[in-house]
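Close look at the chain arrangement
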Amino acid sequence: MNETLIRIDQLYKIFGPGEQKALLRLRQGAEPAELLSQHGCSVALNNISLDVNRGEIFVIVGLSGSGKSTLLRTLNRLIAPSAGEVFFNGQALSGLSATALIQLRRHEMGMVFQSFALLPTRSVLDNAAFGLELAGVGKAQRHRRALAVLAQVGLAQVAGQLPHQLSGGMQQRVGLARALVVNPALLLMDEAFSALDPINRREMQDLLLNLQAGQRRTVIFVTHDIEEALRIGNRIAIMQQGRVIQTGTAEQIVNAPANAYVRRFFSGVDTSRFVLAEDYAGAFDSHATPRQEPPHDRER
């Protein structure tokens, strides 16, 4: 039985003047376009409810402006929702004091951004150890822990170098190490690999999957790339204009897309490895051989 780590309950976020008044109108049936044109309010999240299970990679996919990064930032309250609640391990985030929320972010949640956001005058080792430094861990202890995590991401040999001496892919590995060094229960990744070239991006996906195989950490990963989502996600949520349109495994979404918007994501993408065996039934008759064997394992 799956254990829920994150529960999102009827979450809304509206940016602009008169936020609560706009929320009331939205709940009464006003369209987001109307709120924007008439009141200057932008609906970023519109009544989202989701559960994220402990130990899974949950991928949020959407086009630019769909609300996916806003949703991610409500999970550690970098953005406070207009209404609704986020529960972490059964605890409502809105009920935490500012101090308790800071401690939760420092010890239970790690975040990796699209921009590497490394401290340019600090070594790779000190960048990786930064979260532990903020938590008050002594230098020797935090360096030991950071060096061990750098070894996990293949960077122990460059621990003494500065960020500008590293390639983009290596800098993002430092960013990942910095998030992992506090051993968080939850890792939030916002378009973390999208700035990388295709080869480095694939390598980072492989690294994440390899780390996940050993650690079974809960990861929430935001991307606009459906191929990336299909490759790394245990489950995927598709967002459009602030709403979650469909949630499911890669196989479920590929074989039963909720609408034309979801189907558009698969245009030009080879989804044959996700097609369920029963969908091949029509390709057979009593005398013919199958054109293609149905896949049994997802390609990683």
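Coordinates for the structure precede this section.
These notes cover the structure that comes with them.

Here is what the cut-offs are and how they apply
- Along each chain, residue indices are assigned from 1 in the same order as the chain's sequence is written.
- pLDDT decides what is reported in this predicted model: residues at 70 or higher carry local features, side-chain atom pairs at 80 or more are listed and counted, and totals for whole chains, interfaces and linings draw on all residues regardless.
- With hydrogens and water set aside, each side-chain value is computed from the structure's full complement of heavy atoms.
- Using protein atoms alone on a 1 Å grid, points that fit a 1.4 Å probe yet trap it form a cavity, whereas open point sets bounded by protein on both sides within 12 Å along at least five of seven lines form a pocket; residues with an atom within 4 Å of a point count as lining.
- Grid points are joined across faces, edges and corners, and a volume is the space filled by probe spheres set on the points.
- Helix and strand assignments follow DSSP, with helices taken as H or I runs no shorter than four residues and strands as E runs no shorter than two, numbered in order from the N terminus.
- Here, a strand pair is defined by DSSP locating no fewer than two bridges between the strands.
- Relative accessible area decides the class of each residue, using a 1.4 Å probe on protein chains only: under 20% of the type maximum gives buried, over 50% gives exposed, and in between gives partly exposed.
- Should any heavy atoms of two residues lie within 4.5 Å, those residues are considered in contact.
- The angle between two axes is taken between their N-to-C directions and runs from 0 to 180 degrees, where each axis is a line fitted to C-alpha atoms and a helix contributes only its stretch in contact.
- Ring geometry is summarised as follows: Phe, Tyr and Trp rings, the Trp one being its six-membered ring, pair when their centres sit within 6.5 Å, and such pairs are stacked at plane angles under 30 degrees, edge-to-face over 60 and tilted between the two.
- For a ring to carry a charge above it, either NZ of a lysine or CZ of an arginine must fall within 6 Å of the ring centroid while also lying within 35 degrees of the normal to the ring plane.
- Helix crossings fall into two classes, left-handed where the near helix is turned counterclockwise from the far one by less than a right angle and right-handed where it is turned clockwise.
- All residues other than Ala, Val, Leu, Ile, Met, Phe, Trp, Tyr, Cys, Pro, Asp, Glu, Lys and Arg, Gly among them, are scored as polar; the first ten of these are nonpolar and the last four charged.
- By definition here, a helix of n residues has an expected span of 1.5 Å times n minus one.
- Working definition: the arc comes from the directions between the helix axis and the C-beta atoms, pointing outward to the latter.

Brief notes about the layout of surface pockets
Within this model, the largest pocket holds a volume of roughly 490 Å³. For the largest pocket, the lining is made up of 17 residues, of which R105, M109, G110, M111 and L134 are closest to its centre. Contributions of two or more residues to the lining of the largest pocket are made by α4 (98-108), β6 (109-112), α6 (130-134) and α8 (168-180). Estimated volume of the second largest pocket: approximately 250 Å³. R202, Q205, E227, E228 and R231 are, among the 13 residues lining the second largest pocket, the residues nearest its centre.

Considerations on the pairing of strand β1 (residues 4-15)
Look at any regular strand and the pattern is simple: side chains alternate between the two faces of the sheet. Across eight bridges, β1 lies against strand β2 (residues 42-53) in antiparallel orientation. Bridging from a neighbouring strand, I6 pairs with V52 of β2.

Description of the environment of A100
In this fold, A100 is placed in helix α4. The partly exposed category is assigned to A100, whose relative accessible area is 31%. It is 30 Å that separates the C-alpha atoms of A100 and G233, two residues lying 133 residues apart in sequence.

So, the environment of G16
Secondary-structure assignment places G16 in the loop between β1 and α1 (19-27). A relative accessible area of 41% means that G16 is categorised as partly exposed. With 27 residues separating them along the chain, G16 and V43 place their C-alpha atoms 8.9 Å apart. Look past the residues within four positions of G16 in its chain and what remains in contact with it is G40 and C41.

Observations regarding the sheet that holds strand β10 (residues 243-248)
Spatially, the six strands line up as an open sheet ordered β6-β7-β8-β3-β9-β10, and their pairing is mixed. Only two strands of the sheet have a single neighbouring strand rather than two, namely β6 and β10. Mean inter-strand twist for the sheet, computed between neighbouring axes without regard to direction, equals 15°. Sheet strands touched by α4: β6 and β7 (186-190). Its angle to β6, the strand with the most contacts, is close to 70°. Packing of α8 onto the sheet brings it into contact with β6 and β7, and relative to β6 it is tilted by some 170°.

Description of the packing of aromatic side chains
Using the criterion set out here, one finds two aromatic pairs in the structure. Above the face of the F87 ring, R7 is positioned so that its terminal group lies 4.1 Å from the ring centre.

Quick notes on the packing of α1 against helix α2 (residues 32-39)
In contact at an axis separation of 10 Å, α1 and α2 are set at 145° when each is read in the N-to-C sense. The two elements α1 and α2 cross, and the hand of that crossing is right-handed. Across from A22, R25 and L26 in α1, the residues of α2 making contact are P32, E34, L35, Q38 and H39. Per-class residue counts for the contact of α1 with α2 are four nonpolar, two polar and two charged.

Overview of empty space enclosed by the protein
One pass over the full model with this rule turns up one cavity of 30 Å³ or more. Roughly 50 Å³ of internal volume is contained in the largest cavity. Taken together, L176, L180, L187, L208, L211, Q212, Q215, R217 and V219 form the lining of the largest cavity. The element contributing the most residues to the lining of the largest cavity is helix α9 (residues 198-215), with four residues. When its residues are assigned to classes, the lining of the largest cavity shows six nonpolar, two polar and one charged.

Regarding helix α7 (residues 139-152)
The terminal C-alpha atoms of α7 lie 20 Å apart, and with 14 residues this matches the ideal 20 Å at 1.5 Å per residue to within 8%. Where α7 is concerned, the buried positions are R142, H143, A146, V149 and L150. Along the axis of α7, the buried residues cluster in a sector spanning 130°; they form a single face. Against α5 (124-128), α6 and α8 lie the buried residues of α7. G154 lies just past α7 and shows a positive phi near 80°.

Purely spatial values, then, with no claim about function.
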